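Remarks on the overall topology
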Amino acid sequence: MKTISLILARGGSKGIPSKNIVDLNDRPLISYSIEASLQSNVDETWVSTDSSDISSVSKSYGAKVVDRPSEISTDTSPSEEALLHFAHDIDFDIMVFIQASSPLIQSEDVNKGLKMMDKYDSVFTVHREHWLPRWTFDCKPTGWGMDNWPKRPMRQEVSERYVENGAFYITTKENLLKSKLRYSGNIGAVELPLERSFGVDTYEDLNLIKKIMRGS
C-alpha cells in the first residue's frame, strides 16, 4: 500500500496575496504542512500548484511537485478537481489531502488518521464545539429560539458537536475516483484540539496563529 500526501497551493489567492508562501514566523506558510507530512508515515509528500514561486519553495522544503493546470486553479475551482487531476497521473493507494493553510497540524495527527483507515473509508479533521447561541446579521437566532426551545437553553443542555476544521482529509484512490469527493463511504473524524484547529484565510488569522506559535 502506497500512501502519499497532497498539498494544494495555487498562486492566485486574493485575501492574502501569495498566501501559501506568506511569512509565518520567518518561514513560508506552506513549509509547516510539508514538514508535518515529511515527518509522518506517508511515503511521498506532493504539492500541486500553478505557481513557479510556490513550486520552488515546496521543493526546497523536500516536497515533490506536480504542475496544476490553470483551468483548475481559479477562485471557483473546487479542490476535488485538483485532487482528481493528481489521482489520474500519480500512483498511490491512500491520499492525505493536507491544507497548506493549516500550519498547526502535527505528524502525529496524520499518523492517527492513517491508523483509522483500517476501520473507515475516509477520515477528516474536526474540533469539538460547545453550544453557543448563534445569530443572523439582523439579530435573529439561528437553530434556537421560541420555535425550537421554550427558553434560551443552557450550554450543558445542548449536545456538543464536531466542526470540520479543514486541516486534512484522508481517502483511498479508489473511493476518490469513484465518488469524486475528498471523503465518502464510512467516514471517521480525527479530533484536534481547538488551539491547533485554526487555518489562515485572513491577516487576522495569520496574526492569531503567529501568537499561538509564539505562546503569547
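In this report, we go over the structure that sits alongside the text.

1. Quick notes on the sheet that holds strand E3 (residues 64-67)
In space, the 7 strands of this open sheet follow the order E3-E2-E1-E4-E8-E5-E9, with mixed pairing throughout. Looking along the sheet, the strands with just one partner apiece sit at the ends: E3 and strand E9 (187-191). Between one strand axis and the next, the sheet turns by 35° as a mean value, whatever way the strands run. Bridge count for strand E4 (residues 94-99) against strand E8 (residues 161-172) is 5 bridges, and the pairing is antiparallel. Bridge pairing in E8 places isoleucine 94 opposite threonine 172. Helix H1 (residues 29-38) contacts strand E1 (3-8), strand E2 (44-49) and E4 of the sheet and is inclined by roughly 155° relative to E2. The sheet contacts of helix H3 (residues 79-89) involve E1, E2, E3 and E4, and relative to E1 the element is tilted by about 140°.

2. Some points on helix H6 (residues 203-214)
For an α-helix the count is 3.6 residues per turn, leaving residues at separations of three or four pointing the same way. Compared with an ideal rise of 1.5 Å per residue, which puts 12 residues at 16 Å, H6 spans 17 Å between its outermost C-alpha atoms and is within 8% of the ideal. By the burial criterion, the buried members of H6 are Leu206, Ile209 and Lys210. Seen from one end, H6 has its buried residues packed into an arc of 105°, which puts them on one side. Once H6 finishes, glycine 215 follows within two positions and takes phi at roughly 70°, a positive value.

3. Examining the layout of surface pockets
Taken as a whole, the largest pocket holds about 460 Å³ of empty space. Lining the largest pocket are 24 residues; nearest its centre among them are Arg10, Lys19, Ser79, Gln99 and Ser101. In terms of residue class, the lining of the largest pocket is made up of 6 nonpolar, 12 polar and 6 charged.

4. Topic: the environment of histidine 130
By the element assignment, histidine 130 lies in the loop between strand E5 (122-129) and strand E6 (134-135). Sequence spacing of histidine 130 and glutamate 174 is 44 residues, and the spatial spacing of their C-alpha atoms is 36 Å. With near-sequence residues (within four places) excluded, histidine 130 lies in contact with Arg155 and Glu160. Of the polar contacts made by the side chain of histidine 130, one reaches the side chain of glutamate 160; its length is 2.8 Å.

5. Structural notes on the nonpolar core
As a rule of thumb, soluble globular proteins bury nonpolar side chains together. Ile30, Val47, Val96, Phe168 and Ile170 are the most contacted members of the largest nonpolar core, which has 25 residues in total. Taken together, the elements giving at least two residues each to this core come down to H1, E4, helix H4 (107-116) and E8. Listed in part, the 18 residues of the second largest apolar core include Val66, Phe86, Phe97 and Tyr169.

6. Points about the pattern of salt bridges
Summed over all chains, the structure comprises 10 salt bridges. Notably, a salt bridge pairs glutamate 160 with arginine 128, separated by 3.1 Å at the nearest N-O pair. Within this pair, whereas glutamate 160 is found in the loop between strand E7 (141-142) and E8, its partner arginine 128 is found in strand E5, the two being separated by 32 residues in sequence. Residue class for glutamate 160 comes out partly exposed when judged on its relative accessible area of 37%. Using a relative accessible area of 41% as the deciding quantity, one classes arginine 128 as partly exposed. For glutamate 191, the salt bridge goes to arginine 128, with nearest N and O atoms at 3.0 Å. Of this pair, glutamate 191 sits in strand E9 while arginine 128 sits in strand E5, placing them 63 residues apart in sequence. Because the salt bridges share partners, they merge into one network encompassing Lys2, Glu44 and Lys64.

Rules and cut-offs
Residues numbered from 1 in each chain as written. Predicted model: local features only at pLDDT ≥ 70, side-chain atom pairs only at ≥ 80, totals over all residues. Heavy atoms only, no water. Pairing = 2+ DSSP bridges. Helix = DSSP H or I, 4+ residues; strand = E, 2+ residues; numbered from the N terminus. Axes fitted to C-alpha atoms, helices over the stretch in contact; angles between N-to-C directions. Contact = heavy atoms within 4.5 Å. Expected span 1.5 Å × (residues − 1). Buried < 20%, exposed > 50% of the residue type's maximum accessible area, 1.4 Å probe, protein only. Arc of directions from axis to C-beta. 1 Å grid on protein atoms, 1.4 Å probe; cavity = no way out; pocket = protein on both sides within 12 Å on 5 of 7 lines; lining within 4 Å. Points joined across faces, edges and corners; volume = space filled by probe spheres on them. Nonpolar A, V, L, I, M, F, W, Y, C, P; charged D, E, K, R; others polar. Polar contact = N/O pair within 3.5 Å; in protein donor to acceptor, adjacent residues only side chain to side chain. Core = buried A, V, L, I, M, F, W, Y, C linked by side-chain atoms within 4.5 Å. Salt bridge = Lys/Arg side-chain N within 4 Å of Asp/Glu carboxyl O.

Note that every value here comes from positions in space, so none of it alone points to a role or purpose.
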